[in-house]
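# Structural features, examined
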Amino acid sequence: MATVATASSSSDLPRTAKGLTAELNYVRYEHRLEEQYLPAIRALISKDLSEPYSIYVYRYFLYQWGHLCFMALDPFDSSLIGVIICKLEPHSVHSAPTNRGYIAMLAVAAPCRGRGVATSLVKMAIDAMASRNADEIVLETEETNVSAMRLYERLGFLRSKKLHRYYLNGNSAYRLVLLLKPIDPDGPADLALEEHERGTFTV
Ligand SMILES: CC(C)(COP(=O)(O)OP(=O)(O)OC[C@H]1O[C@@H](n2cnc3c(N)ncnc32)[C@H](O)[C@@H]1OP(=O)(O)O)[C@@H](O)C(=O)NCCC(=O)NCCS
């Protein structure tokens, strides 16, 4: 799978950022790629995310839902530029049963940000989950993560809940939800949606 990401060129940029002037390679994760890419995936994600994830957390997602995970690769040397890791499973705690997609991790190498790489990765993940009959996609992001909030809200995600002191660093988070199917007004209530519609979440 390959998609175009446009960017302005600059001779000052590192190699991966220069690569964005060409067509990036967007690749669906496969188990055979673990040895080549898992160390780079861990390095990229642990650099910026506040939660320290063990190797087992990565394998939990990648072994079961590798088909919902995508990587952006430098077209020149195939090095990792960005990654998104997701899962999709039935969910019914406090709500009507839904097929719920979840974006667990998303990161783009710092020199390559602001050029649409994360947007492309999120769109691919949404398409992959939608094609597997997901009803909704949720995620949490730190309330202070302005670029992530803008990115997701631009793609149609709504704030469904504020999670106070959600992260180990004490920061609060927003739970965001993207509804992929129309809500059945006669169906059982969904707590997150009710909160959103009642406006009981704290902003
Ligand atoms: C959040 C993060 C993933 C965003 O990655 P990114 O690749 O820079 O995101 P995008 O380029 O798709 O979007 C960012 C901006 O670039 C703009 N953009 C999108 N496509 C573009 C393009 N082709 N050319 C220029 N700019 C573009 C977007 O409009 C957006 O601008 P805005 O924030 O002003 O609305 C990245 O900052 C990151 O890895 N942060 C650390 C980890 C993290 O916070 N992950 C999210 C946890 S939930």
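Residues numbered from 1 in each chain as written. Predicted model: local features only at pLDDT ≥ 70, side-chain atom pairs only at ≥ 80, totals over all residues. Heavy atoms only, no water.

Under an unreviewed UniProt entry, the name given to the protein chain is N-acetyltransferase domain-containing protein, and the source organism is Thyridium curvatum.

### Some words on the overall build of the protein chain
Scanning the protein chain from N- to C-terminus turns up 6 helices and 7 strands. Its helices and strands taken in sequence order, the protein chain reads α-β-α-α-β-β-β-α-β-α-β-β-α from the N to the C terminus. Here the protein chain holds 203 residues, and the buried ones make up 47% of them. Of the accessible surface of the protein chain, which amounts to about 10600 Å², a share of 51% is contributed by carbon and sulfur atoms. (Helix = DSSP H or I, 4+ residues; strand = E, 2+ residues; numbered from the N terminus. Buried < 20%, exposed > 50% of the residue type's maximum accessible area, 1.4 Å probe, protein only. Areas by Shrake-Rupley, 256 points an atom, 1.4 Å probe, with all protein chains shown as cover.)

### Points about the nonpolar core
Side chains of a nonpolar character, in soluble globular proteins, are inclined to be buried together. The biggest cluster of nonpolar side chains holds 59 residues, and the ones touching the most others in it are Ile-41, Ile-85, Ile-103, Val-122 and Phe-157. Broken down by element, this core gets its largest block of residues, 9 residues, from helix 4 (residues 117–131). Discounting residues that sit within four places of it in the chain, Ile-85 has contacts with Ile-41, Ile-45, Tyr-58, Phe-61, Leu-62, Cys-69, Tyr-102, Ile-103, Ala-104 and Met-105. (Core = buried A, V, L, I, M, F, W, Y, C linked by side-chain atoms within 4.5 Å. Contact = heavy atoms within 4.5 Å.)

### Some details on helix 2 (residues 34–48)
Between its terminal C-alpha atoms helix 2 stretches 21 Å, which fits the 21 Å expected from 15 residues at 1.5 Å a residue. Residues of helix 2 that are buried in the fold lie against helix 3 (55–65), strand 2 (70–73), strand 3 (80–91) and strand 4 (98–108). (Expected span 1.5 Å × (residues − 1).)

### Points about the packing of helix 4 against helix 5 (residues 146–154)
Each pair of packed helices can be described by the angle between their axes along with the distance between the axes. The geometry of helix 4 relative to helix 5 is characterised by a closest axis approach of 11 Å and an angle of 45° between their N-to-C directions. Accordingly, the angle class assigned to the pair helix 4 and helix 5 is oblique. Relative to helix 5, the crossing made by helix 4 is right-handed. Of the residues in helix 5, those in contact with Ala-118, Thr-119 and Val-122 of helix 4 are Leu-151, Tyr-152 and Arg-154. (Axes fitted to C-alpha atoms, helices over the stretch in contact; angles between N-to-C directions. Parallel < 35°, antiparallel > 145°, perpendicular 65-115°, else oblique. Left-handed = near helix turned anticlockwise from the far one by under 90°.)

### Some points on helix 4
It helps to recall that an α-helix has 3.6 residues per turn; residues three or four apart then point in one direction. Helix length check: helix 4 (15 residues) gives 21 Å between terminal C-alpha atoms against 21 Å at 1.5 Å per residue, within 8%. Burial of helix 4 is extensive: 11 of the 15 residues sit out of reach of the surface. Residues of helix 4 that are buried: Val-117, Ala-118, Thr-119, Ser-120, Leu-121, Val-122, Met-124, Ala-125, Ile-126, Ala-128 and Met-129.

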